[in-house]
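Residue-level listing of the chains:
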Amino acid sequence: MTESKVMEEELKGMAQRDSLTRLYNHSYLKQRLGAELEKARNNNSSLSFMLLDFDNFKYYNDTFGHPAGDELLKVFGRMLEAKLRQNDIIGRYGGDEFGIILTDTDEEKALEIGERIRKATLELAFPNKEYMPVKALTISVGIASFPKDGSDAAELIRTADEALYNAKRNRKNKVKLYFSAFKGLEKELGSESSILATVRTLISIINAKDRYTYGHSEKVMEYSEMIAGKMGIKGQDLLDLKLAALLHDIGKIDIDPEVLNKKDPLTREEWELMKEHPERGARLLMECKILKQAGVITLYHHERYDGKGYPHGLAGEDIPLGSRIIAVADSFDAMTTKRSYKKAKDMNEAILELKKGAGEQFDPKIVEIFIQILDFYADFN
Ligand SMILES: [Fe+2]
């Protein structure tokens, strides 16, 4: 190779690398993901994309300064290179976010790799480790797999990001596969059903407006389904409940996102407007015959067991069962999720709040059942 050729190759290499960690950079990683997907498609093989980021990087930077933060990014990058396989393509996606292309890797294998990295991160040695809130660096990991979760680079990045976001809202230090509420509904409704298309459209409107509501709706559906399972709710009733859980906040689509995400307390007018969302949502859903019962459940999801809720002040068993279930699931997820204006409660604090609200805000029977479910899952964690 001539000298200029060598230099050209070197420059090309530099353009693909992140100057701090020497891993691949964002633009190269994206471009490479496209190319690897093409190969996977041609070879009929699987591919997974993993996005991960640090849970407490801001704390570390603020406490020990940015040079220390940069050093941590480098140490972490070297650990990734050591722990991953030869063919894995590792990049710094930006800030403290990393992206990894796992060729020939299905979802199950990717989950295993994600867990391996999560554990290795807990053991990672770095300066000032003992002063971290949990005395270790923790990461959250999101995984999306081709072809199941996306067929092009943009879609796979989006679904991996969605999974990462889910790992974060599940109290961090977690590896999460992309999960779509539609998968479950698709089975029940059939993928061609027009109702599914309607629900999908409604959800994409909420999603575009307020990302929190989307992840939230899926969680509320998951919890509601667990409670329903324990209570023996089946068939059409279960389907109506699931649809309502997914769409219970649809009435917020007219509300200004600035109000939805406001850090300061709402003004009186803003609060009045916010309180209209059950009725607005119900009206919208009831227009569609097949979503009628979901509309009824939505209408009453902010009623309280003691009759002090809204919009109608119904009490006890006058409140539809589905609405009483969603009220518990909704509050629990809201309590355990971090939002722009509040910190997340941990599981035990949230359970305590549910117990406090039993008989007042919530149906005590449903609280009892839900706590049993949470205890059951806690044993596995
Ligand atoms: Fe609501």
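Heads up: these notes are all about the structure in this document. Just so you know, these numbers come straight off a predicted model, no measurement behind them.

Right, let's get into the packing of aromatic side chains. Taken as a whole and judged by the stated rule, the model has 12 aromatic pairs. With a centroid separation of 4.8 Å and 80° between ring planes, the pair formed by phenylalanine 54 and phenylalanine 76 is classed as edge-to-face. With phenylalanine 54 in strand β1 (residues 47–54) and phenylalanine 76 in helix α4 (residues 66–83), the pair connects residues that are 22 residues apart, well separated along the chain. Across the pair, phenylalanine 76 and phenylalanine 54 agree in class, each one buried. Centroid distance tyrosine 223 to phenylalanine 370: 5.4 Å. Interplanar angle 65°. Geometry classified as edge-to-face. Separated by 147 residues along the polypeptide, tyrosine 223 in helix α9 (residues 211–231) and phenylalanine 370 in helix α17 (residues 364–378) bring together distant segments of the chain. You can call tyrosine 223 buried: its relative accessible area is 10%. By way of ring pairs, the aromatic residues Phe54, Phe57, Phe76 and Phe98 are connected into one cluster. When the ring centre of tyrosine 24 is taken as origin, the NZ or CZ atom of arginine 17, which lies over that ring, is 4.0 Å away.

Before going further, it helps to spend a moment on the pairing of strand β4 (residues 139–146). Most of β4 sits out of view: 8 of its 8 residues are buried. Of the two faces of β4, both are covered, the one formed by Ile139, Val141, Ile143 and Ser145 as well as the one formed by Ser140, Gly142, Ala144 and Phe146. Bridge count for β1 against β4 is 8 bridges, and the pairing is antiparallel. Across the sheet, the residue bridging to methionine 50 is isoleucine 143, located in β4. Bridge count between β4 and strand β5 (residues 175–177): 3 bridges; the pairing is parallel. Paired with glycine 142 across the bridge in β5 is lysine 176.

Parameters and conventions
- Residues numbered from 1 in each chain as written.
- Predicted model: local features only at pLDDT ≥ 70, side-chain atom pairs only at ≥ 80, totals over all residues.
- Heavy atoms only, no water.
- Phe/Tyr/Trp six-rings, centres within 6.5 Å; stacked < 30°, edge-to-face > 60°.
- Helix = DSSP H or I, 4+ residues; strand = E, 2+ residues; numbered from the N terminus.
- Buried < 20%, exposed > 50% of the residue type's maximum accessible area, 1.4 Å probe, protein only.
- Lys NZ or Arg CZ within 6 Å of the ring centre and 35° of its normal.
- Pairing = 2+ DSSP bridges.

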